[in-house]
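# Structural characterization, general
Spelled out, the chains give:
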Amino acid sequence: MSRQADAQLSGSQRISRALLTLISPRGAVFLLLIVLLLAITALNPSFAEPGQFIRFIQRVAPIAIVAIGQYFVIVAGEFDLSMGSLVTAQVVIAGNLIGQDDSRSIPVLIGMLVFGALVGLVNGLVTSLLRVPSFIVTLGMMLALLGGVLYWTGGAATGNPADGFREIGRGGIRNVPVLDIIPWAVLVLAAVLAAAIWFTKTPFGRSIIAVGDNETTARFAGIRVWWVKTSTFILSSLSATIAGVLLVGYAGVHPKVGQGYEFIAITAVVLGGVVLGGGRGWVVAAAAGAFALEALFTLLNFAGVASTWRDGIQGVIIIAAVAYSAAVFRGRRKSPSVTSPISGKEPEPFAEPAHSAPQSRPNEGNHSTQKEVQ
Amino acid sequence: MSALAPKARRRFGTTAIVYIALLAVMIVGAVLVNTAGRNFLSPGNIRDILTGMSVLGFVAIGQTLVILCASLDLSVPYVVSLSSLLGATIMAGNPANIIPAVLVTLTVAAGIGLLIGLTVTKLRVNGFIATLGAGLIIKGYLDTQYKGTAGSMPWEFQLIGATGVGPVPVSTIIMLAAALLVALFLSKTRTGNHMFAVGGNEQVSRFSGIRTSRPTVVAHMLCSVMAAMAGLLLASRLGVGSPTVGTQGGYDLLSIAAVVLGGTLLLGGRGSIWGTIGGVAIFAVMDNVMSVIQLNPFLKDVVRGVIIVAAVAVYTGRAIESRRPRFGRDSQSSMYPSVDLQLAMDQEKERDHEPTS
Amino acid sequence: MQRKKMLVFAAMVSAAALVGLAGCTTDPAVTPPSDAATTPAESQGPEASSNEWFDAALYQKQYDERGVTPEGPADQPYLQHINAEMIDTAAYKADGAKKACFANASISNPWRQTGWITMNQQLKVLQDSGAISSMETRDAQDSDDTQIADIDYFINEGDCDIFLISPNSTAAMTPAVERACATDKPVVVFDRGVQTDCPVTFIHPIGGFAWGIDTAEYLIDNLKAGDKVVALRILPGVDVLEQRWAAADKLFQEAGIDATDYFTGADPAEIKKIISDELAKGDVQGVWMDAGDGAVAAIEAFEDAGKPYPVMTGEDEMSFLRKWKDTGLTGLAPVYSNFQWRTPLLAAQKIFAGEQIPKEWVLPQSPITVDELDDYLARNSGMPDGHYAKFGGENLPGYPEVWEKRMIP
């Protein structure tokens with residue numbers, strides 16, 4: 001599949017391409033998701049009812065948003081291990097600062113966003129300017145954030161914030177026909193996903209992939225690498241903040257809320273076919289990875305799998321899914337793309353690898369043109 | 001394009017920095033311990049520090065090898081737990097079972113490492129995911145198979161965890177012996193040498209005729225075996241095997257942090273065992289001092305987090321100047337086995353074109 | 001390759017030689033265990049634990065202890081004891097303020113945090129009265145290995161007059177506790193036990209089986225055979241938690257209750273998902289928990305699904321008590337007596353005074369019923385949600401601000 005072919009696709013070709021995509025590495029996650037959803041429905045038909053399904057989306061929203069944030073960091077070639085702790089920190093901050101006073105909701109929400117951005121800024125600057133590996137920077141941030149917030153609150157003992165604030169994660173637009181309820185969390189997820197897709201299409205969004213693909217090339221091409229990387233950390237921290245806002249509504253204040261989200265998010269992103277090390281991946285697939293993971297947990301709940309076996313099953317599926325992607329990927333590489341003079345990477349039907357610098361693109365919107373220029 | 005030649009000089013330089021950092025931590029620590037009315041160099045305190053080094057040391061030695069090969073091992077906590085249980089249940093309090101139990105445990109661990117290594121090299125699953133998944137699988141087995149602590153260590157084996165030569169625990173001596181062995185392995189054997197090459201640049205290594213999968217598989221096997229040694233040591237200290245003892249220690253992330261603190265490049269290809277031991281020692285001294293001055297446990301984590309980052313920042317800050325690129329960060333995508341030959345060629349090509357574009 | 005083998009061989013020989021050498025210079029502080037000493041106070045031997053957590057003898061013991069009226073001062077539950085065999089501590093009688101060394105498992109959950117605050121306020125009282133000079137604490141952050149090192153450090157460097165130990169786990173901490181006993185200084189163990197009776201006293205509430213019995217009996221009384229109960233458990237493999245479930249599971253099976261258990265990691269988000277999925281499958285009549293933090297998320301899952309409230313057992317954590325009151329659901333708050341954190345230091349005082357104390361100090365452990373709910377809510381009205389109602393520190397200095405502000409040293 002060459003890029004020129006991509007641009008010429010239309011109509012029925014597009015449909016067949018979509019089907020082909022399902023068995024491609026980037027599409028594998030959608031295939032997995034469909035299989036899992038069908039399996040859940042087979043076990044429990046009511047799951048497919050719109051009212052139930054929208055609740056499922058509501059539940060996935062926080063982890064999907066965290067995965068979207070993690071996507072940007074990973075595609076830029078880094079890791080963010082501090083996301084789980086930041087979620088916890090934001091949940092605890094909301095509980096402690098808002099309390100039962102609804103009028104504080106807006107100021108505290110702004111404060112949380114500022115705090116989240118600051119965490120991302122620190123992660124990003126230490127990674128990009130001090131050259132400390134992001135794995136270490138965010139590991140340190142993970143320890144320091146959680147320890148700090150527990151120290152500050154004496155173990156995060158304070159209760160839930162006002163119900164008005166929790167409504168974001170817990171409530172929704174009620175009395176909707178068919179669905180019964182449209183949870184706010186679903187709308188927030190839709191907005192975040194739309195913003196993320198839009199962002200990846202902007203020149204700046206493309207430069208993130210360029211940096212992750214080849215930092216030196218990107219630098220020579222005039223990209224401010226330090227700022228691009230820092231901005232991805234700010235994005236991931238902001239997404240963790242939004243997830244925290246949703247979770248404090250969905251679950252309430254507890255020091256365990258958000259725990260392990262960094263690994264779930266990384267797993268989700270990798271399931272979505274995003275390559276650790278950067279330069280390749282599609283944000284929608286990353287979000288789909290989160291849905292697939294959550295669907296897997298739900299399936300295990302419905303199937304009544306013994307609680308002690310779950311982790312093992314999860315482990316097998318993660319490895320199998322990634323191995324499948326790798327196998328299909330290699331299978332493809334053996335054929336035509338080797339002759340491609342431009343890039344040895346997997347063709348990108350959806351997102352742009354953006355090897356070239358933004359200023360060298362005569363036409364930002366056209367995939368094929370860009371490739372040929374390079 | 002050999003990654004081997006400049007290695008020795010560099011490694012010496014960074015390892016020296018690690019030990020300077022360790023010295024600084026020790027001086028600050030000694031002052032703090034003194035203000036708490038204690039003696040930093042008393043036998044009991046030295047023993048506390050060295051004991052703290054032993055278990056993490058084993059795990060970090062193995063982790064160094066894996067990271068040198070540009071992989072990671074997140075499954076170590078579970079291998080540690082599993083090994084403690086295997087050792088304790090096979091020994092079952094009988095000294096005659098010590099040798100078979102140790103052999104079986106290390107063999108099982110090597111088998112786990114082999115499977116992980118093959119998953120990484122043959123199935124091309126990223127080390128992060130392969131070991132995350134392997135860890136979950138082992139955890140599932142532990143949760144299903146074992147209800148709490150099990151088995152019992154014969155007294156003779158418990159001595160390893162409980163005795164010392166003067167203030168130096170036997171466990172630390174064994175750990176340092178293992179470090180020596182692995183260091184020799186790295187410098188004197190072909191497979192050891194190739195670990196640097198594979199981690200430095202897999203494609204180039206392959207061009208040079210190195211069978212790139214072999215060092216990675218061996219590294220994963222040795223890492224699991226080292227984790228098993230840590231598990232056996234823990235079982236000897238606990239007197240029983242425990243399904244949670246590995247996760248309790250947080251050995252996955254801590255060992256990676258110790259390795260990086262010790263000057264090993266997380267992207268692979270450069271590092272040293274002795275640097276890692278220095279990194280482990282920094283952690284042990286830090287923990288010892290924080291416990292002696294009775295720091296709030298929550299604040300301990302804050303201090304750990306800040307020190308990890310600050311220490312690595314000091315090191316990377318200096319290393320940037322001494323480094324100048326052959327393999328700069330631009331080669332990072334090669335750390336992931338799923339990127340293959342073609343990519344390397346493309347990157348070379350792109351590099352060549354850069355100045356003109 | 002040949003060279004490599006030689007090297008490896010040589011190094012292995014030298015390593016083996018080192019081990020042999022070291023074995024010859026065993027630290028005199030380390031003594032082999034006497035076989036007689038390993039009869040466990042709580043008979044959770046390694047053999048038993050590798051099979052099942054249910055222990056019929058211990059179950060029966062705790063079943064009976066629930067019905068015993070405790071001895072001791074009526075208004076000081078932390079000094080009461082059940083079926084105690086008193087022992088003489090005259091051997092430890094000594095004048096002057098003593099130094100206590102406390103090896104704590106962790107303060108990583110709200111229950112332990114609450115107790116830790118209480119313990120420090122108790123310490124202030126005993127410091128003022130001149131019984132205890134100071135308490136040095138090492139926190140093992142949930143690690144067995146760290147706690148063993150902590151105890152060894154105390155033995156070598158602590159200059160301790162008495163060891164207070166809250167073990168991180170039962171079997172694993174036994175060798176280290178035996179080493180502490182070998183110093184001939186008094187050792188007090190509380191909360192989780194160890195498999196040796198060498199400590200002067202072992203302080204604990206009745207226990208996990210009693211919790212399981214209280215809660216399961218309550219659910220069985222309020223449900224009928226065939227009803228569905230979701231059991232929310234924190235994690236596997238911890239004896240005090242496993243015993244709660246072992247007892248409840250047995251009783252549920254006998255009563256024909258359909259109980260399904262899940263591990264939640266104490267994460268409320270996980271709890272809510274589990275309950276939501278169970279409600280999607282079918283109706284749930286009861287919820288059982290092995291620890292109450294996160295109970296609110298479970299109740300909210302019923303609210304969000306528009307289902308009637310379940311019959312529920314939580315814990316005496318304030319968040320559950322408040323939600324229980326708000327919703328008016330049919331519930332019970334089992335208690336794992338948090339006031340036990342006061343007892344170890346008071347025991348130390350008694351030991352140095354040469355008074356008689358119980359060898360196994362079983363503290364009362366009685367659930368909070370709906371009739372007592374208002375009383376406990378009123379008494380703890382200013383406390384945070386993570387506070388435990390039966391913390392027993394009302395007569396200590398700093399009450400209530402220290403607990404309200406959750407001042408953790």
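This structure is a prediction, so every number in the text was calculated from the model and none was measured. (Residues numbered from 1 in each chain as written. Chains lettered and ligands numbered in written order. Predicted model: local features only at pLDDT ≥ 70, side-chain atom pairs only at ≥ 80, totals over all residues.)

### A few points about the overall build of chain C
How we decide: Each helix is a run of H or I in the DSSP string that is no shorter than four residues. Each strand is a run of E no shorter than two, and both are numbered from the N terminus. Counts of 20 or more other C-beta atoms within 10 Å of a residue's own C-beta define buried residues, counts of 12 or fewer define exposed ones, and intermediate counts define partly exposed ones; C-beta atoms are placed from the backbone. We call two residues in contact when their backbone-placed C-beta atoms lie within 7 Å.
What chain C contains, in helices and strands, is 14 helices and 13 strands. A burial count over chain C gives 57% of its 409 residues as buried. A sequence separation of at least 24 residues applies to 76% of the contacts in chain C between residues at least 6 apart.

### Observations concerning the overall build of chain B
The number of helices and strands found in chain B is 15 helices and 2 strands. For chain B, buried positions account for 65% of its 357 residues. Counting contacts in chain B only where the partners sit at least 6 residues apart, residues at least 24 apart contribute 81% of the total.

### Quick notes on the environment of Pro154(B)
Residues and elements named next belong to chain B. Secondary-structure assignment places Pro154 in the loop between helix 5 (127–145) and helix 6 (155–162). For Pro154, a count of 19 C-beta atoms within 10 Å translates into the label partly exposed. For the pair formed by Pro154 and Ile27, sequence separation is 127 residues and the distance between their alpha carbons is 40 Å. Each residue touching Pro154, except ones within four places of it in the same chain, is listed here: Met91, Gly93, Asn94, Pro95 and Ile98.

### Structural notes on the sheet that holds strand 6 (residues 201–205) of chain C
Residue and element names in this part refer to chain C. Formally: DSSP-based pairing: two strands are paired if at least 2 bridges between them are found. Note on definitions: angles span 0 to 180 degrees between N-to-C directions of axes, and those axes are lines fitted to C-alpha atoms, for helices only across the stretch in contact.
Spatially, 6 strands are ordered 3-2-4-5-6-13 in an open sheet, and the strand pairing comes out parallel. Here the strands that pair on one side only, and so sit at the sheet edges, are strand 3 (132–139) and strand 13 (360–363). Across the sheet, the mean angle separating the axes of adjacent strands is 15 degrees when strand polarity is ignored. Across 4 bridges, the pairing between strand 6 and strand 13 is parallel. Bridging from a neighbouring strand, His204 pairs with Val362 of strand 13. Taken strand by strand, helix 5 (residues 144–157) contacts strand 2 (98–104), strand 3 and strand 4 (162–165), and its axis lies near 165 degrees from that of strand 2.

### A word on the sheet that holds strand 11 (residues 331–332) of chain C
Residues and elements named next belong to chain C. Across the sheet, which stays open at both edges, the 5 strands sit in the order 8-7-9-10-11 with parallel pairing between neighbours. Across the chains shown, the open sheet's two edge strands, defined by having one partner strand only, are strand 8 (258–263) and strand 11. Here strand 7 (residues 228–233) runs beside strand 8; their pairing, made up of 6 bridges, is parallel. Directly across from Val230, in strand 8, lies its bridge partner Thr260. Contacting strand 7 and strand 8, helix 9 (residues 268–281) runs over the sheet at an angle of about 165 degrees to strand 7.

### A word on the confidence of the model for chain C
Residues and elements named next belong to chain C. Filter applied, for reference: Per-residue confidence from the prediction method is given by pLDDT, with values spanning 0 to 100.
Here chain C averages 87 in pLDDT, while 88% of its residues score no lower than 70. Of the regions scoring below 50 in pLDDT, residues 4–29 engages in 30 contacts with residues more than four places distant in sequence or in other chains. Within the model, pLDDT remains below 50 along residues 33–51, and this stretch shows 41 contacts once partners closer than five positions in the same chain are excluded.

### Quick word on the pairing of strand 7 of chain C
All names here are of chain C. How we decide: Whether a crossover is right-handed comes down to one check: with the strands pointing away from the viewer, does the path from the first strand over the helix to the second run clockwise; if it does, it is right-handed.
With 5 of 6 residues buried, strand 7 lies mostly within the body of the structure. Running through helix 8 (residues 239–255), the crossover from strand 7 to the neighbouring parallel element strand 8 is right-handed. Bridge count for strand 7 against strand 9 (residues 286–289) is 4 bridges, and the pairing is parallel. Within strand 9, the residue paired with Val230 across the bridge is Val287.

### Structural notes on the packing of helix 4 (residues 50–75) of chain A against helix 12 (residues 225–250) of chain A
Residue and element names in this part refer to chain A. Definition in use: Convention used here: angles under 35 degrees read as roughly parallel, angles over 145 as roughly antiparallel, angles from 65 to 115 as roughly perpendicular, and any remaining angle as oblique. Note that Gly is not counted as nonpolar here; it falls among the polar residues with everything else outside the nonpolar set of Ala, Val, Leu, Ile, Met, Phe, Trp, Tyr, Cys and Pro and the charged set of Asp, Glu, Lys and Arg.
Closest axis-to-axis distance for the helix 4/helix 12 pair is 8 Å, and the angle between their directions is 175 degrees. Comparing the axis directions of helix 4 and helix 12 gives the class roughly antiparallel. Residue-level contacts link Ala61, Pro62, Ile65, Val66, Ile68, Gly69, Gln70, Phe72 and Val73 of helix 4 to Thr232, Phe233, Leu235, Ser236, Leu238, Ser239, Ala240, Ile242, Ala243, Leu246, Leu247 and Tyr250 of helix 12. In the contact of helix 4 with helix 12, the residues fall into 16 nonpolar, 5 polar and no charged.

### Focus on the nonpolar core
Which entries qualify depends on this criterion: Here, a nonpolar core denotes buried Ala, Val, Leu, Ile, Met, Phe, Trp, Tyr and Cys residues that are linked to one another through C-beta atoms within 7 Å. Here the bounds of each domain stem from an automatic or database domain assignment.
Core analysis: the biggest nonpolar cluster contains 355 residues, and Ala64(A), Ala67(A), Ala292(A), Val59(B) and Met226(B) have the highest contact counts within it. Take this core: its biggest share by element is 17 residues, from helix 10 (residues 213–238) of chain B. Counting residues domain by domain, this core receives three or more from each of domain 1 (81–206 + 337–363) and domain 2 (208–332) of chain C. Sequence-distant contacts of Ala64(A), that is, excluding residues within four places in its chain, are made with Leu189(A), Ala287(A), Ala290(A) and Phe291(A).

### Quick look at the interface of chain A and chain C
Contacts between the two partners involve 27 residues from chain A and, on the opposite side, 32 residues from chain C. Of all the secondary structure elements, the ones that give two or more residues to the side of chain A that touches chain C are helix 4, helix 12 and helix 14 (283–303) of chain A. The residue inventory of the side of chain A that touches chain C, partitioned by class, reads 8 nonpolar, 15 polar and 4 charged.

### A word on the domain arrangement of chain C
Residues and elements named next belong to chain C. For chain C, the assigned domains read domain 1 (81–206 + 337–363) and domain 2 (208–332). Relative to domain 2, the C-alpha centre of domain 1 lies at a distance of 33 Å. The partner domain 2 presents 5 residues to the 4 residues of domain 1 that form the contact. Within the side of domain 1 that touches domain 2, the residues separate by chemical class into 2 nonpolar, 1 polar and 1 charged.

### A look at helix 8 of chain C
Residue and element names in this part refer to chain C. Here is the rule: Residue count minus one, scaled by 1.5 Å, sets the expected span of a helix.
For helix 8, which comprises 17 residues, the first-to-last C-alpha distance of 24 Å matches the rise-based estimate of 24 Å (1.5 Å per residue) to within 8%. Most of helix 8 is tucked away: 12 of the 17 residues are buried. Within helix 8, the full set of buried residues consists of Asp239, Val240, Leu241, Glu242, Gln243, Arg244, Trp245, Ala246, Ala247, Ala248, Asp249 and Phe252. Those residues of helix 8 that are buried are in contact with helix 3 (56–65), helix 7 (208–222), strand 7, strand 8 and strand 9. At the exit of helix 8 stands Gly256, carrying a positive phi of roughly 75 degrees.

### Overview of the pairing of strand 4 of chain C
Residues and elements named next belong to chain C. With burial as the criterion, each face of strand 4 is covered, one bearing Ile162 and Leu164 and the other bearing Phe163 and Ile165. Judged from the 4 bridges that link them, strand 2 and strand 4 form a sheet pairing that is parallel. Residue pairing in the sheet places Phe102 in a bridge with Leu164 of strand 4. Both strand 4 and strand 5 (residues 187–190) contribute to a ladder of 3 bridges, which runs parallel. Its bridge partner lying in strand 5, Ile165 is registered against Val189. What joins strand 4 to strand 5 is helix 6 (residues 174–181), and the crossover it makes is right-handed.

### Describing the packing of helix 3 (residues 28–43) of chain A against helix 14 of chain A
All names here are of chain A. Which entries qualify depends on this criterion: It is the rotation of the near helix from the far one that decides the hand of a crossing: anticlockwise by less than a right angle makes it left-handed, clockwise makes it right-handed.
Put simply, helix 3 and helix 14 touch, their axes get as near as 9 Å, and they point 25 degrees apart. Here helix 14 runs roughly parallel to helix 3, going by the angle between their axes. Note on packing geometry: the crossing formed by helix 3 with helix 14 is left-handed. Residues Val29, Phe30, Leu32, Leu33, Leu36, Leu37, Ala39, Ile40 and Leu43 of helix 3 pack against Ala285, Ala288, Gly289, Phe291, Ala292, Ala295, Leu296, Thr298, Leu299, Phe302 and Ala303 of helix 14. In terms of residue class, the contact of helix 3 with helix 14 is built from 18 nonpolar, 2 polar and no charged.

### Overview of the environment of Val104(B)
Residues and elements named next belong to chain B. Inspection of the secondary structure puts Val104 in helix 4 (residues 98–121). Note on Val104: 15 C-beta atoms within 10 Å, which makes it partly exposed. Along the primary structure Val104 and Trp155 are separated by 51 residues, whereas in three dimensions their C-alpha atoms are 19 Å apart.

### Description of the environment of Gln70(A)
Residues and elements named next belong to chain A. Turning to its location among the elements, Gln70 is positioned in helix 4. Gln70 gets classed as buried once you count the C-beta atoms within 10 Å, which come to 34. For the pair Gln70 and Val283, spaced 213 residues apart in sequence, the C-alpha separation works out to 9.6 Å. When residues no more than four places from it in sequence are discounted, the contact partners of Gln70 are Asp80, Met83, Ser236, Ala265, Ile266 and Val269.

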